[in-house]
Structures are given as C-alpha cells and as structure tokens.
Amino acid sequence: MNAKDDRDEGGPEGALRNEDPSERREAGPEAAAARGSGARDGAAKQAQRDETAADDSAAEDERDGEDDEEPEPPPRPRGPSMWDILRDSFFTFDRRTLGFTRILLGFLLIGDLFRRRWAWVDMFSDIGVLPNHVNLWRPQGGGNFSLVNAFSTPGELWVLWAVILATYVCLLIGWKTKLMQVLSLVFVTSMNGRILLIENGGYVVHNLLLLWTCFLPLGDRFSLDALLASMKRSRERTADDLNDRSTLDDPRKPDAFVTVLGPVLLIQISAIYFFNVVHKTGPAWKNGTAVHFVLYVDRMVTPIVADIRDYAPNFLILFMTRMVISFEAAIPVCLLSPLGRVWARRLALVMMNLLHVGFGTTFVLGPFAWALCVFSTLLIGREDWEIAARTMRRAHRARAVLFDPRSPGAVLACRVLKRMDRFGLLTFEASSAAAHGLSVRLPSGEVAEGAAALADIVAAIPLGPAVAWLLRLPLVRDAATAAMAAAHRRSLGRALGARLPERSEIAPPPAPLRLAGRTVLATLRELAVLVMFAGAVNQAAVELWVIKNRWKVPHPEPTRVLSQKLRFLQGWFMFSPNPVMDDGTIVVDAVTVDGRHIDPFTGEPPNFDLLHAKSFAYTQIWCDYFARIKLPANTAYRDAMKEYMLRYPERTGRPEDTLVSGEVYWVKDWNPKWGSTESYGEEREKLFVFQNPKAQARAQAEPPPDAPAAEPSPAN
C-alpha cells in the first residue's frame, strides 16, 4: 500500500488523518526524544515504503508496456464437425415434416381403402375368387401373415373395413398416433398379403412406407396428440398467459429428430430407382420407344389416356422415355449427395412427384405412384419450412382476439387457437363485453363479431385462408353466427366439460424413471431399424437380378421371416428389362339358363376384339388377377374362380342369370409397332371349361319359351 493513501489530503503535509498538530508543539524533551527515535524508525519505514512503491511503480510500468503491445486476436469460432455435417445431412428429420407426412399418409390410406371397396367381398370373402379355406390350404406365399384370414363372411369383412377406416382417420388427425401407425401397418400388410394374385410392386412400396414410417414420431406436430399434450403441459387462464408462446412445444422434442433411420430411408428410396434403372437393359429403353409400348397396354392404361395416345408425336414419346430413365438415375444421386444437400433434396422431391403423378394419372398401378409421392415428403427440410413460413405469413392478417374470461368455452377456444397460431398473428385480450364470448378487433379499431370474427381468426392460422372464405358466404355466415350465439348463451363449453383453470400453471417435467424408460425405448427402436435394414439388404441380395445372377447369397431363416412374413420385399425391376410388349385379359363365354351368352366378370356379352380396344377400364385389382390366374402355376386357384362365376345370379339377384356352362379364355394381342397405332396378332388360349349340372338339368326340364338361338362358342 502506498503511504500517501494513509494520510489526510486535506490536513497539513505529513500529518496523519486523526492527528492533532497542537499535541506536537506542547510536548516536552522526552516527547522530542521520542519523536527523534520515532523519526529514525519512521525514516526506516519510509525508506521501506519507498522501495515498495518503486517496485509497484516498476510493475505498473511493465504492465503498461505490455498494454502497449498489440493484443492477441480472439480465437476463431470452430466450424461444424464431421459428425455435425453427417447428422444434419443424413440422420435428421424435421418433426414438422413428419407431421405433414402423416397427414398425406392418412389420405393415401383412406383413398386406397375406398379403392378396394369395389372388390372387397369379391377378393376376400368366402364367396369371392379366393376364399379363406382355399388360401389357407393352398398358401400362395411362404407362409405370409394376414389378419384378413380371420374374416370370412361379407358381414364380417364390412365390419373389418369400418374398423380399418376408423384407424386411418385417427392416424390422419393424429390421435393415439403410434398405436394407429402400428395398426395401420398390420392392416395394410394383411390386405396386401391376403391374395398375392393381385400383388404388384406398388403393394410392396405400400408395405415399406408403413414399415419405415412406423419408426418415426409422426404425431409430434400437427396432430391431436400434440395439441392435447401442449394443453396438458401448460394451463392458461389470463390474457398474459395466452400471449406467452414459450410453452407451446415440448422442450424435449425439438424440431430436429435424429435417428439412424435417416440413412436407411435414403438408401431404401435410392434402391427403388437405382435398380429399376439397372434392370432396364432392353432395346426399347435404349432406343427411347419404351413409353410407346406401355401406353398401348389396355389392361393398365386409363380410358382418357387411351383416347389421346394415338395423337402423341414420336418426339414426345422419345422425350418421355429419356426423361423417365434420367429421373430414375438422378434421384439416387440427389438423395445420397452430401454436396448442396438442400437443393439436391428439393430436386429429388420435384423429380419424384413429376414422375409418379404422371404414372398415377396414366396407369392403374395400385398404390405404387402415390406411395412414392408420400415417401418424397420426408425430404422436406428445415430450410423449406422457413421459406414456407415467410411466404405464408401475412402481417395484415394479424388480429386481437377479445374473449370473455368468465366463459370456459371462450377460454378453451383461445387456448386451442394459441396452439394453432404458428405465425404468431393472434394476440389475446380479456373483455367481458366480447359478443358471443369471442370477437375480434381489427387493425382499424373496429370490432368484428360472429362469423366475421371467426373468419378473421381462421384466416390468421396456417392454411386458414383456404377455408376462411366459406365463413363469409351468406348462408354459412348466418348459421355460424347463430351457432356461436347459442353456444355462448347456453354455456355449451361448460356443458361439454370445459372448466376454467383454477390458476395458470406449467406441468412439472417427467420423473427421471419415465425419462429413463423413454431412453430405453428409443434405443430399442434404433436397434429394430438396424435389424429390419439387415433383413432388407439380405432380401435385396437374393431377389434382385443384377445380384443373384452373379453371386449366390444365402438367405437365413431369420432374415427371410423378417422380409417375407409381411411382404417387405426388394425386387425392383418395373417394366424390365423391356416394357410390356403384349396385352391381354380374361374373357369368359358363359351360357345362362335362358340361353344368353354373357361374361360374368363384366355383365356384358363376351368381347374378344382386343385389336380395337381403348382401355379395358379395369381396376388394378382385376387387371392383375386376370394376368396371374392364366399362369400355369396358379391352376390350383381356378376351381375357386369357377365357383365365383357360378354364383353370378346371387350378385345380380336375377334367377335367369344362372350359368349352365362356360369357357374361359386368355385373349391377347401385340402392342402396335413403333410408328404405328394398330395392335396386331390377336390370339386366344382356352384355359378351362366349367359345367353346372344342376342348371343343365333345370334348363332341359324347363326350356325358356322364347330362348334365343345359342351363339357358337369361339374357336381356340
């Protein structure tokens, strides 16, 4: 310490701060001697203090010298590590993407279920083309599992259909999402595996879509589950609580979801396209004419395309063929490239949807095209959501929502709106004078009520403008206003169980044991993904031509079961090595008890003219059934087909439609040659004949009075 600091700067020089100077003048010789001795001691102490001060001064000068030097630059921030790059590029899904995929998956499943409705009983019941007892005694696959085998009668099957529909609707809205994902997987694989005579590559893609998404948390965003969890986690009562958006999402579930399924899914989608390209080695793909031949497959092409295909110029056909090959080759590169990841994924998404929307609107291929469109939505990333939010958010739609704090229904509605308002355009204000419990103050200061207020609120929510205009239509507006008034007047919210929270509160975090359980389940999930991936790789090695023709890969029973029990196959050779060059269908020439010739599958007289056909207008189900039942390997299932045809009068309700006998033909022709629009080379192959002894006896005993002359059966 410097001696100067101990002295009173306001007093005489050298005086201590509490020292009286007069005491030194009044002191005697002894005091003077003491002062002399003290002076010597003080001089010694002063010298010591001066030396210390010099050392301090030298130290300060040294520090000043250091300060004069140029300071060291701050450490440079570290860039992302290799794991960060790999994680963000291959292992991460955005939870908003998963929620969006769930919604589209729900629509796909519901649409597919209605597609099956028209052949539901014909395919799956005990009065259909393949009853359960036939399927169980003569299984079509390697012991594949199907829950549908437990339902035989039409009544039982329609109950199952309703249960499946309810499951799909619950998945669509995101209620008990994980359970519905598992049930949907079981239902889809059961329907697809019940009758393999109608299975194609689209059914396999359908199965795989349900399998891989079953490992993803599709219900964490845009779902009823997420809404209920958020409302349970945070209970708001006041306007300040409603305007606090910090508790909307679970902090333990950020937008980024990291999983080993990321690279697995990219490899799976890439394999579909890569091996389809590798197997397209035929001359029609090399010279660019493949699309021409496919467009003339009348059993697959839609009627609209059949009407316009003759007018397609050759250059367009060549362009479309090259485009298909180019897209299928480029998609795997875009999916697996770590460079330009964002734009590469966007390009892959665009190519997949262009390709499959074209397939889906041109051919009846079952769920193939639409399942891959849903697959493509998993490529949407965080950057895409940010662009969407900036594009869709409109500040002029911001509104102040006035709510009655005494109304449980109004408070509940505001709590729900807070969670739906992802653009942050709604603010909440308590107002006992709010009409019908809920009104809106416009930026101009005016107050909107009834349906007008509801329309403004809906318009501020993402995608809300697409439906908000309906609330402004005259009849809808009046009905909505009346409903809001009645609900507020009768305290409908309270009647439905809504209660005002006693106080605003935030739920405590889960117990450590529960968190540990979630960690264990997540670990098991990742292990299950790897196990299923191992089964998929082994199945691909034993199924794909380009591999099995070169190497003999073993197929152990455990991996075989993983892949084939629910038909998670990996055979990707669509229209390979050449597209379909011929066309054909089943034609039945059956004779009724009153002498008419009829095809029981169409209800019309048999038509053997394929050369001038413009699409058979079949669904994919009947198209593939006819194409498979003609094969010699499926002769064991023709007796069931015969029994189905003999039950024709039960389906029409007309006794005169009873069949006496019939002949079943496979009729085929060759698609037009390149540069032509005329099919050629029609052939008929008789598969089998059938008789109905009871109907024959009836026809002989009671011949119809005005029976038309029987037409001669067509020759072989």
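Refer to the structure presented above.
Residues numbered from 1 in each chain as written. Predicted model: local features only at pLDDT ≥ 70, side-chain atom pairs only at ≥ 80, totals over all residues. Heavy atoms only, no water.

Student: Which residues make up the sheet that holds strand E12 (residues 680-691), and what values go with them?
Tutor: A sheet is described by the order of its strands in space; here four strands give the open sequence E10-E9-E11-E12, paired in antiparallel fashion. A strand with exactly one partner marks an edge of an open sheet, and here the two such strands are strand E10 (597-598) and E12. (Pairing = 2+ DSSP bridges. Helix = DSSP H or I, 4+ residues; strand = E, 2+ residues; numbered from the N terminus.)

Student: Account for the packing of helix H9 (residues 201-213) against helix H12 (residues 261-279), naming residues and giving values.
Tutor: When two helices pack together, their arrangement is given by the angle between their axes and by how far apart the axes lie. Where H9 meets H12, the closest approach of the two axes is 12 Å, and the angle between their N-to-C directions is 170°. In this view, H9 runs roughly antiparallel relative to H12, as classed from their interaxial angle. Along the contact surface, H9 presents Val 205, Leu 208 and Trp 212, while H12 presents Leu 261, Val 264, Leu 265, Gln 268 and Ile 272. Residue classes in the contact of H9 with H12 are distributed as seven nonpolar, one polar and no charged. (Axes fitted to C-alpha atoms, helices over the stretch in contact; angles between N-to-C directions. Parallel < 35°, antiparallel > 145°, perpendicular 65-115°, else oblique. Contact = heavy atoms within 4.5 Å. Nonpolar A, V, L, I, M, F, W, Y, C, P; charged D, E, K, R; others polar.)

Student: Account for the sheet that holds strand E5 (residues 426-430), with residues named and values stated.
Tutor: Read across the sheet, four strands follow the order E5-E4-E6-E7 without closing on themselves; strand pairing throughout is mixed. This sheet does not close on itself; its edge strands, each paired only once, are E5 and strand E7 (447-448). Pairing geometry for strand E4 (residues 399-403) and E5, over five bridges, is parallel. Looking at E5, one finds that Val 401 is bridged to Phe 428.

Student: Outline empty space enclosed by the protein, listing residues and values.
Tutor: Per the counting criterion, the structure on display carries one cavity of 30 Å³ or more. The volume enclosed by the largest cavity comes to roughly 40 Å³. Contributions of two or more residues to the lining of the largest cavity are made by H12, helix H17 (341-362) and helix H18 (368-376). At three residues, the largest contribution of residues to the lining of the largest cavity is made by H12. Taken together, the residues that form the lining of the largest cavity break down as six nonpolar, two polar and two charged. (1 Å grid on protein atoms, 1.4 Å probe; cavity = no way out; pocket = protein on both sides within 12 Å on 5 of 7 lines; lining within 4 Å. Points joined across faces, edges and corners; volume = space filled by probe spheres on them.)

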